[in-house]
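# Chains, contacts and geometry: an overview
The residues making up each chain are set out below.
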Amino acid sequence: MTPRASTARRAAPGRARPQAARSALVAAAVVASLASGCGVLPEMPPPVPDSVVPSFAAPDEPAGSENLSPDGSDAVSRMAVRIRNVGCEGLSTGSGFALDARTIVTNKHVVDSSRSLQLLTYDGRDVAAQTASTADLADLAVVRTAQDLPSTPTLAEEDPAPGDPVTVVGYPEGGRLTVTQGSVIGTTTDPLHENLGEVLVTDAPVEPGSSGSAALDDAGRVIGVVYAKTSTDKSLLVPVSTLRDLLADEASFTPVPACDG
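The paragraphs below set out a description of the structure included in this document. The written sequence of each chain sets the order in which its residues are numbered from 1. In keeping with the predicted nature of the model, local features appear solely for residues at pLDDT of at least 70, side-chain atom pairs appear and are counted solely at 80 or more, and the whole-chain, interface and lining totals rest on all residues. Processing note: side-chain calculations cover all non-hydrogen atoms of the structure and skip hydrogens and water entirely.

## Side note on the nonpolar core
Selection rule: Within this scheme, the nonpolar core is defined by two criteria: the residues are buried Ala, Val, Leu, Ile, Met, Phe, Trp, Tyr or Cys, and they are joined through side-chain atoms within 4.5 Å. Exposure classes here rest on a 1.4 Å probe applied to the protein chains alone. A residue is buried below 20% of its type maximum, exposed above 50%, and partly exposed in between. Note on conventions: DSSP H or I runs of at least 4 residues are helices, E runs of at least 2 residues are strands, and numbering of each starts at the N terminus. Whether two residues are in contact is decided by their heavy atoms, any of which lying within 4.5 Å being enough.
Membership of the largest hydrophobic core comes to 35 residues, with the highest contact counts inside it found for Phe97, Leu140, Val168, Ala214, Val222, Val225 and Leu243. Listing elements by their share of this core, those giving two or more residues are strand S8 (165-170), strand S10 (198-202), strand S11 (214-216), strand S12 (221-229), strand S13 (235-239) and helix H4 (240-247). No other element matches the six residues that S12 contributes to this core. Aside from chain neighbours lying at most four places away, what touches Val222 is Met79, Phe97, Pro153, Thr154, Leu155, Ala156, Ala214, Ala215, Leu216 and Val240. Within the second largest apolar cluster, 14 residues are counted, among which are Val127, Ala132, Val143 and Val256.

Here you go:
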């Protein structure tokens, strides 16, 4: 029998290309492609410097933070002063507020008949009282201090209108600093007959010891001074117009005589 020819074929001699030849062809193709403008490779990015510090926007300051002290207390708290009257008839307490760096406004009945006045600021600091004077035509008094007070408010230019908001800051019952809120109800003739002219009526809660507290509007300006409350728990204020008029005339105030007991 004649042997069957094998179906397997060898590669024709000379057609097999060595590896080096194939690599050369690939390299040539890449060069040709780059030369024709196709598949242009991007430049390598520069190395990242090791001195880069991430940046971010600073957080917004809280509203009203320009009025905050380093301990976080606002101007309303810093202006308030607790007053202890060590008098011939015993101990009584009241409130007051800084008018300027060394002057406190309070009520006449808070400082009357005193042997000594003990003043305490919002942060627990004792301040020495030098002199005290009372007004003849209103339940108001001023106390001069030996040291500077933490903060002073602004007096409103005019009295508030009915419906206006009011904030009272003081030391009811001689205890902790307290802030209460309400609104102005209107005006009335002083039922205690201690003030010349009309006084303000509000529904902001007050208690014994709140006498002399500052009453503030929504901008933090003083609109009156608390001096009493009614049997229906309404608070009575000496209006800021009266306070301004009396402060403008030094003769309106006379020194408080020391008690003899």
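There is more to say, and it comes next.
## Considering the pattern of salt bridges
So the rule is basically this: For this document, the term salt bridge refers to a Lys or Arg side-chain nitrogen within 4 Å of an Asp or Glu carboxyl oxygen.
According to the stated counting rule, one finds five salt bridges in the structure shown. Asp148 is the partner of Arg102 in a salt bridge, and the nearest nitrogen-oxygen pair spans 2.8 Å. Here Arg102 is found in the loop between strand S2 (90-100) and strand S3 (103-106), whereas its partner Asp148 is found in the loop between strand S6 (141-145) and strand S7 (154-155), with 46 residues between them in sequence. Assessed through its relative accessible area of 39%, Arg102 is described here as partly exposed. Judged by relative accessible area, which is 43%, Asp148 ranks as partly exposed. As a salt-bridge pair, Glu157 and Arg244 come within 3.5 Å of each other at their nearest N and O atoms.

## Some points on the environment of Ser241
Residue placement: Ser241 occurs in helix H4. By relative accessible area, Ser241 is classed as partly exposed at 27%. For the pair Ser241 and Pro160, spaced 81 residues apart in the sequence, the C-alpha separation amounts to 9.8 Å.

## Section: the state of the cysteines
Let me state the cut-off plainly: Any cysteine sulfur atom paired with another within 2.5 Å is treated as part of a disulfide.
This structure, assessed with the given rule, holds one disulfide. Linked covalently through their sulfurs, Cys88 and Cys259 form a disulfide whose S-S length is 2.0 Å. Note on the Cys88 and Cys259 pair: the S-S dihedral is about 95°, so by sign convention the disulfide is right-handed. Of the two residues, Cys88 sits in the loop between strand S1 (80-87) and S2 while Cys259 sits in the segment after strand S14 (253-255), which places them 171 residues apart along the sequence. Residue Cys259 is classed as buried on the basis of its relative accessible area, which comes to 19%.

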